[in-house]
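# Secondary and tertiary structure notes
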Amino acid sequence: MIGSPIGSVFGTSSNAFSQAFTKPNKPSLTTPSQDKQAECRGLNYYADFSGCGHWRMIWPEILLNGYQHCVVHGTTMMVLDPRHYESLSTVRIQRQASPSQLKFINFMQSLKKANNFNLIYEIDDVLFYEDIPKYNKFRAAFANDEVRESAKTIMESCDEITVTCEYMKQYYASKTDNKNITVIPNFVPRFWMDGFFDENQKSVNYTKSIKKRKKPRVLWSGSGAHFDQTGKSSSDDFGHIIEIIEKTLNKYQWVMFGSYPWKLAPHIRSGKIEFHKWVPIYDYPRKLNSLNANVTIAPLHDNPFNNSKSDLKYIESCALGTPVICQDIETYKNTPYRFSTGDEMVDLIDGVVQSKDIYMKACRRFRVAADKRWLEDNINVYADLYKYKYKDPARKFLSKIDCSI
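Calculation rules
Each residue is numbered by its place in its chain's sequence as written, counting from 1. Reporting in this predicted model follows two pLDDT cut-offs: at least 70 for local features of residues, and 80 or more for side-chain atom pairs to be given and counted; totals over whole chains, interfaces and linings ignore these cut-offs and use all residues. Side-chain calculation: all heavy atoms of the structure are included, whereas hydrogens and water are not. Numbering of helices and strands runs from the N terminus; a helix is a DSSP stretch of H or I covering at least four residues, while a strand is a stretch of E covering at least two. Multiplying 1.5 Å by the helix residue count minus one yields the expected span of that helix. What the bend at a residue measures is the angle between two axes, fitted to the seven residues ending there and to the seven starting there. When accessible area is computed with a 1.4 Å probe and restricted to protein chains, residues below 20% of their type maximum are described as buried, those above 50% as exposed, and intermediate ones as partly exposed. Defined by distance alone, a disulfide is two cysteine sulfur atoms within 2.5 Å. Note on method: axes are straight lines fitted to C-alpha atoms, helices fitted across the in-contact stretch only, with angles between N-to-C directions ranging 0 to 180 degrees. Orientation categories follow fixed angle ranges, with anything under 35 degrees roughly parallel, anything over 145 roughly antiparallel, 65 to 115 roughly perpendicular, and all other angles oblique. If you view the pair so one helix is near and one far, a crossing is left-handed when the near helix is turned anticlockwise from the far one by less than a right angle, and right-handed when it is turned clockwise. Any pair of residues with heavy atoms lying within 4.5 Å of one another is described as a contacting pair. Side-chain classes follow a simple rule in which Ala, Val, Leu, Ile, Met, Phe, Trp, Tyr, Cys and Pro form the nonpolar group, Asp, Glu, Lys and Arg form the charged group, and the remainder, Gly included, forms the polar group. Pairing between strands is defined by DSSP: at least two bridges between the two strands are required.

A separate point is helix α2 (residues 51-66). Here α2 spans 21 Å end to end across 16 residues, near enough to the 22 Å set by a 1.5 Å rise per residue. In α2, a bend of some 35 degrees at Ile 58 exceeds every other bend along the element, and Pro 60, a proline, comes one to four places later. Of all 16 residues that make up α2, 12 are buried, and the element is covered over most of its length. Every buried residue belonging to α2 is among Cys 52, Gly 53, His 54, Trp 55, Arg 56, Met 57, Ile 58, Trp 59, Pro 60, Glu 61, Leu 63 and Leu 64, and all of these are buried. Backbone geometry just downstream of α2 places Gln 68 in the positive-phi region, at approximately 60 degrees.

Before going further, it helps to examine the state of the cysteines. Inspection of every chain in the model, using the stated rule, returns 1 disulfide. Between the sulfur atoms of Cys 40 and its disulfide partner Cys 70 the distance amounts to 2.4 Å. Note on the Cys 40 and Cys 70 pair: the S-S dihedral is about 85 degrees, so by sign convention the disulfide is right-handed. Taken together, the residues span a long stretch of sequence, with Cys 40 in the loop between α1 (32-37) and β1 (41-45) and Cys 70 in the loop between α2 and β2 (71-75) at a distance of 30 residues. The same class applies to Cys 40 as to Cys 70, namely buried.

With that settled, the discussion passes to the packing of helix α3 (residues 99-115) against helix α4 (residues 145-157). One can describe the packing of α3 onto α4 by two numbers: an axis separation of 9 Å at closest approach and a directional angle of 20 degrees. Relative to α4, the element α3 lies roughly parallel. As for how α3 packs across α4, the hand of that crossing is left-handed. Residues Pro 99, Gln 101, Leu 102, Ile 105 and Gln 109 of α3 touch α4, and the partners they reach there are Glu 146, Val 147, Ser 150, Thr 153, Ile 154 and Ser 157. Partitioning the contact of α3 with α4 into residue classes produces 5 nonpolar, 5 polar and 1 charged.

This part covers the sheet that holds strand β6 (residues 181-183). Here 6 strands make up an open sheet; going across it, the order is β2-β1-β3-β4-β5-β6 and the pairing parallel. Edge positions in the open sheet fall to β2 and β6, since each of these has one partner strand only. With direction set aside, neighbouring strand axes in the sheet form an average angle of 25 degrees. In terms of strand pairing, β1 meets β2 through 5 bridges, oriented parallel. Across the sheet, residue Arg 41 finds its bridge partner in β2, namely Val 71. Sheet contacts for helix α15 (residues 379-387): β1, β2, β3 (90-94), β4 (118-122) and β5 (160-163); angle to β3, the most-contacted strand, approximately 110 degrees.

Structure representation (structure tokens):
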């Protein structure tokens, strides 16, 4: 989910930081229940309105407000009025890295001293350029020492860093002087991705694609950041499986959703590989479900950037009850079907679809796993984050997170 650190979020002149404001009167406009909710007040600064902005900030914010745990609001613009920070318990900033953003964080430090709020840095990707793969098209936004050092300084100036997995926790602990790092796995909102699993439809799709047409539908979905689109390198997330995909064009109906490697372009043009353009995030589950995939795949090159990733493709597949064949790296170490080579991937696909009984058991197994990862059922984890500071024993839900699920 890595994106540009510059341009979409904080942008203003530095002299604005010194503006003075008059404190207003504070009439009470809340009910008793709202007053209790307002004991925890949070402010989110989103990095974007795409994947990571929603998964890590916007959706938790919506549910914290909806379940009346906290009063949280968010923005992508700098708020310079000091009154805005009064009574806040937590301010979360997401993936801020540029020198101009560092100036704003320095400005917030004085507000933090005056108001005693918790300042948390949220990151769901590796953003130090030495560990961003050269094939990743977003690398250029981070590939200079000034951005790297400002990002590191911002992280170290925060009270806490939140990440998606243990590997990333250890990564940033080794790369920065901030050791207050908390793992919060990605949790999928039930309101977004539940309600699509239909066991009868899975059975029908199996009969149509596999029993009748003898051609399982195998899906990959994702962005172009996974591929070297210049064609100069094969060491990207598909380099090790391109050959086997081309060899199995008649065995499987390959489906690409969102993007595809340039080497597969001729097969896209010929229609041998089915391609679907990306859709807005709120349309994504419906579109994904409509593709009627029998199996999905999650290939990744084995590198620090990918080992730091969240297991999103596994969670999505679980929500839809679709078996997913994952790369055997740290990211997917707890998933049931893992491969290293293209041949191993094909063997696992064949194994899971070899009979309807085996296939339907796999579908049910994945769907049951989704019940551990609904955001609504884990929203208390975020309530702890906004209410209490790092290592506070009152963080009873955060302390019980099971990162193996």
